[in-house]
Structure formats: C-alpha cells, structure tokens
Amino acid sequence: DAGVIQSPRHEVTEMGQEVTLRCKPISGHNSLFWYRQTMMRGLELLIYFNNNVPIDDSGMPEDRFSAKMPNASFSTLKIQPSEPRDSAVYFCASRSLSGTGTSGSTLNTGELFFGEGSRLTVL
Amino acid sequence: AQKITQTQPGMFVQEKEAVTLDCTYDTSDPSYGLFWYKQPSSGEMIFLIYQGSYDQQNATEGRYSLNFQKARKSANLVISASQLGDSAMYFCAMREFDAGANNLFFGTGTRLTVIP
C-alpha cells in the first residue's frame, strides 16, 4: 500500500521565490496535517484539515504561508515569498478520523502516518 | 507550558542492552493517547507504540514497551536488546481526545546512539 507521498523530496531555492510543496495522503484518510521540523523548534504543527476543510491554522507562521486541500487526495503548502528562515523539513501526515489505528484499540488511536518529508533550503 | 517534555537530548546504550527514554506530559484532559515515533537518519517518521490513558496495561510492541505511570504523567519508552539499527531520534507525542484536538503534540526528541 502506498503511504503518504510528498514532493519534492528536496528543494533549494533563492530568497523571494515561491515554493510549493505537495502531499498525497493515504487513500481513505480524511485528516491531513502539515508539520515543520527544525533543529531549533523541533516538530511544529502548521495546519491540519478534516475532510478537506482547514480546522486549525494557528501554527502557520505568517501570511507568506498558505495551504490548500482541493480534494481528498491532494494538498499543497505554499510559501511566497520564501525566506532563509523557512529552511526546514516539511512533513505531511494523514490519518483516518474513524476506525482503529494499527494498535488495534477500539478507540481511534489517532496515530499519524508521515510522508518522507520535503527538505527545503532557502538561500 | 510544554505538553510533552523529553529531558534527554542524547542517550548512549551498549548493543544488546536495554535503554529507557524519558517522556513526561501535561494535560488536564482525562482521555488522551501517548505515542512514540522513531526518526532514523533517513528522515522518515516511524510509529512505534501507543498507550491510551485508560489502558490498564502497559503497551508492548516487540522490543518496545511503554512504562506508563499515570500519576506521575510519564510515558517512558523502553527498548530491550538494543540493536545498531535502533540508533535514531525518538519522539514522544500526545493527543488529547476530549479536547477534540486532532493533532499530535511532539516533544523535542532524544537522540539514541547504540554502541557496538
């Protein structure tokens, strides 16, 4: 089974350029998350969607960041204009809002399935 | 206040020995879940083990076990019989169910190095 698919895996760009990161969640998952990982701040939640609707975008750093989920199988995270401090690994993750996690608990454990990340370097 | 605290930036363990990675959490939600993820040098995040706040027994998954002490709000990960492939970053995370939050709060991680 295909996991969460992210592209590009690596992106190097110059300050001021637009960056678009893409994510395809696991088929059947209806909750999607964007995280950013840096050495200084660790893993930070940027935004998450339930059934394609943005639920919490309080982690989005500023207006330069935007995320969309036009359908259940695709999401984008856009940075415009990019800055050197945006350099990080950006993870997309998905999960099902109902059913059981792999632990088999009757309560939806809510474990997230992560993509391999997109490493962004802004020069 | 931090929801998840991992106080060990780095840990070393001899191959074949057991190691405990510490995690404490902070929540007023009576219903929550605790997770451990492994992040090897290749960068992917791998789910290891889950513990629910109402689970009566400590979770176990192969060589991984979770030492859940609810009164102390700790959820330490124990890796038995360490292998070289266990060298990685390990993240503790929590989800609060009653709050309706759908996201996981992550700790800052512990880098484990297994020494041959």
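Please refer to the structure higher up on the page.
So, here is what we can say about the structure in this document. (Residues numbered from 1 in each chain as written. Chains lettered and ligands numbered in written order. Predicted model: local features only at pLDDT ≥ 70, side-chain atom pairs only at ≥ 80, totals over all residues. Heavy atoms only, no water.)

## Let's talk about the environment of Gly115 of chain A
Condition: Under the scheme used here, helices are H or I runs from DSSP no shorter than 4 residues and strands are E runs no shorter than 2 residues, and both carry numbers assigned from the N terminus. Each residue gets one of three labels from its accessible area relative to the maximum for its type: buried under 20%, exposed over 50%, partly exposed in between, using a 1.4 Å probe on protein chains only.
Tracing the backbone through its elements, the reader meets Gly115 of chain A in the loop between β10 (113-114) and β11 (118-122). Overall, Gly115 of chain A belongs to the buried group, its relative accessible area being 1%.

## As for the sheet that holds strand β8 (residues 74-79) of chain A
All names here are of chain A. Formally: Strand pairing requires that DSSP identify at least two bridges connecting the strands. Note on geometry: axes are lines fitted to C-alpha atoms, helical ones only across the stretch in contact, with angles between N-to-C directions running from 0 to 180 degrees.
Spatial strand order, β1-β3-β8-β7: four strands in an open sheet with antiparallel pairing. The strands lining the two open edges of the sheet, one partner per strand, are β1 (5-7) and β7 (65-71). On average, each strand axis in the sheet is inclined to that of its neighbour by 15 degrees, with strand direction left out of account. As defined by bridge partners, strand β3 (residues 19-24) adjoins β8 across five bridges and the pair is classed as antiparallel. Following the sheet pairing, Val19 is matched in β8 by Ile79.

## Some remarks on the interface of chain A and chain B
The test is simple: Between two residues, a contact is recorded if the distance between any of their heavy atoms is within 4.5 Å. Buried area: the accessible surface (1.4 Å probe) lost by two parts on joining, summed over both. In the analysis that follows, any N or O atom pair within 3.5 Å is treated as a polar contact, provided that within protein one partner can donate a hydrogen and the other can accept it, and provided that, for residues neighboring in sequence, both atoms belong to side chains. Under the convention adopted here, Pro, Cys and the residues Ala, Val, Leu, Ile, Met, Phe, Trp and Tyr are nonpolar, Asp, Glu, Lys and Arg are charged, and Gly plus all remaining residues are polar.
With 21 residues of chain A in contact, the opposing surface of chain B contributes 17 residues. Buried area between chain A and chain B, summed over both chains or domains, comes out near 1,600 Å², and the portion from carbon and sulfur atoms is 57%. Seen at the junction of chain A and chain B, the total is three residue pairs in polar contact (both at pLDDT 80 or more). Among the elements of the structure, β4 (31-38), β5 (42-50) and β9 (88-95) of chain A are those that each provide at least two residues to the side of chain A that touches chain B. For the side of chain A that touches chain B, the per-class residue count stands at ten nonpolar, eight polar and three charged.

## A few points about the layout of surface pockets
For the record, the criterion: Put plainly, a pocket is an open set of points on a 1 Å grid over the protein atoms alone with protein on both sides within 12 Å along at least five of seven lines, a cavity is a set where a 1.4 Å probe fits but cannot get out, and a lining residue has an atom within 4 Å of a point. Grid points are joined across faces, edges and corners, and a volume is the space filled by probe spheres set on the points.
Volume-wise, the largest pocket comes out at about 1,200 Å³. Contributions of two or more residues to the lining of the largest pocket are made by β4, β5, β9 and β11 of chain A together with β10 (88-96) and β11 (105-106) of chain B. The element that contributes the greatest number of residues to the lining of the largest pocket is β5 of chain A, accounting for five residues.

## With respect to the environment of Gly117 of chain A
Residues and elements named next belong to chain A. Residue placement: Gly117 occurs in the loop between β10 and β11. For the pair Gly117 and Thr38, spaced 79 residues apart in sequence, the C-alpha to C-alpha distance is 12 Å. If we skip the residues at most four places from it in the chain, Gly117 touches Gln6, Pro8, Arg9, Val89, Tyr90 and Phe91.

## Thoughts on the pattern of salt bridges
Residues and elements named next belong to chain A. For clarity, the cut-off: Definition used for salt bridges: Asp or Glu carboxyl oxygen within 4 Å of a side-chain nitrogen of Lys or Arg.
A complete count under the given rule lists eleven salt bridges over all chains for this structure. Taking the shortest distance from any N to any O, the salt bridge between Arg41 and Glu44 comes out at 2.6 Å. The class of Arg41 is exposed, set by a relative accessible area of 59%. Between Arg85 and Glu62 there is a salt bridge; the shortest N-O distance is 3.3 Å.

## Section: the state of the cysteines
Each disulfide is one covalent bond, formed between the sulfur atoms of two cysteines. All names here are of chain B. Definition in use: Cysteine sulfur atoms that pair up within 2.5 Å are treated as a disulfide.
Counted by the stated rule, this structure contains two disulfides over all chains. With a sulfur-sulfur separation of 2.0 Å, Cys23 is cross-linked through a disulfide to Cys92. The disulfide joining Cys23 to Cys92 has a torsion of about -65 degrees about its S-S bond and is therefore left-handed. Within this pair, whereas Cys23 is found in the loop between β3 (19-21) and β4 (24-25), its partner Cys92 is found in strand β10, the two being separated by 69 residues in sequence. Owing to a relative accessible area of 0%, Cys23 belongs among the buried residues under this scheme. For Cys92, a relative accessible area of 0% puts it in the buried group.

## Focus on the packing of aromatic side chains
For any two aromatic rings, the description comes down to two numbers: the centre-to-centre distance and the angle of the planes. Stated precisely, the cut-off is as follows: Stacked, edge-to-face and tilted are the three classes for Phe, Tyr and Trp ring pairs, Trp counted by its six-membered ring, which pair at centre distances within 6.5 Å; planes under 30 degrees apart are stacked, over 60 edge-to-face, the rest tilted. To sit over a ring, a charge needs its Lys NZ or Arg CZ within 6 Å of the ring centre and within 35 degrees of the ring normal.
With the rule as written, the count across this model stands at 13 aromatic pairs over all chains. Note on Tyr35 of chain A and Phe114 of chain A: the rings are 5.8 Å apart at their centroids and 45 degrees apart in plane angle, and the pair reads as tilted. Taken together, the positions of Tyr35 of chain A in strand β4 and Phe114 of chain A in strand β10 put the pair 79 residues apart, joining distant regions of the chain. Note on accessibility: Tyr35 of chain A and Phe114 of chain A belong to one class, buried. With a centroid separation of 6.3 Å and an interplanar angle of 65 degrees, the aromatic rings of Phe35 of chain B and Phe47 of chain B are classed as edge-to-face. Here Phe47 of chain B lies in strand β6 (residues 46-52) and Phe35 of chain B lies in strand β5 (residues 32-39), a separation of twelve residues in the sequence. Here the two residues Phe35 of chain B and Phe47 of chain B agree in accessibility, since each one is buried. Connected via pairs of aromatic rings, a cluster forms that spans Phe33, Tyr35, Tyr48, Phe91 and Phe114 of chain A together with Phe35, Tyr37, Phe47, Tyr50 and Phe106 of chain B. The ring of Phe105 of chain B carries the charged tip of Lys3 of chain B above its face, separated from the ring centre by 5.2 Å. The ring of Tyr64 of chain B has Arg63 of chain B lying over it, and the distance from NZ or CZ to the ring centre is 5.9 Å.

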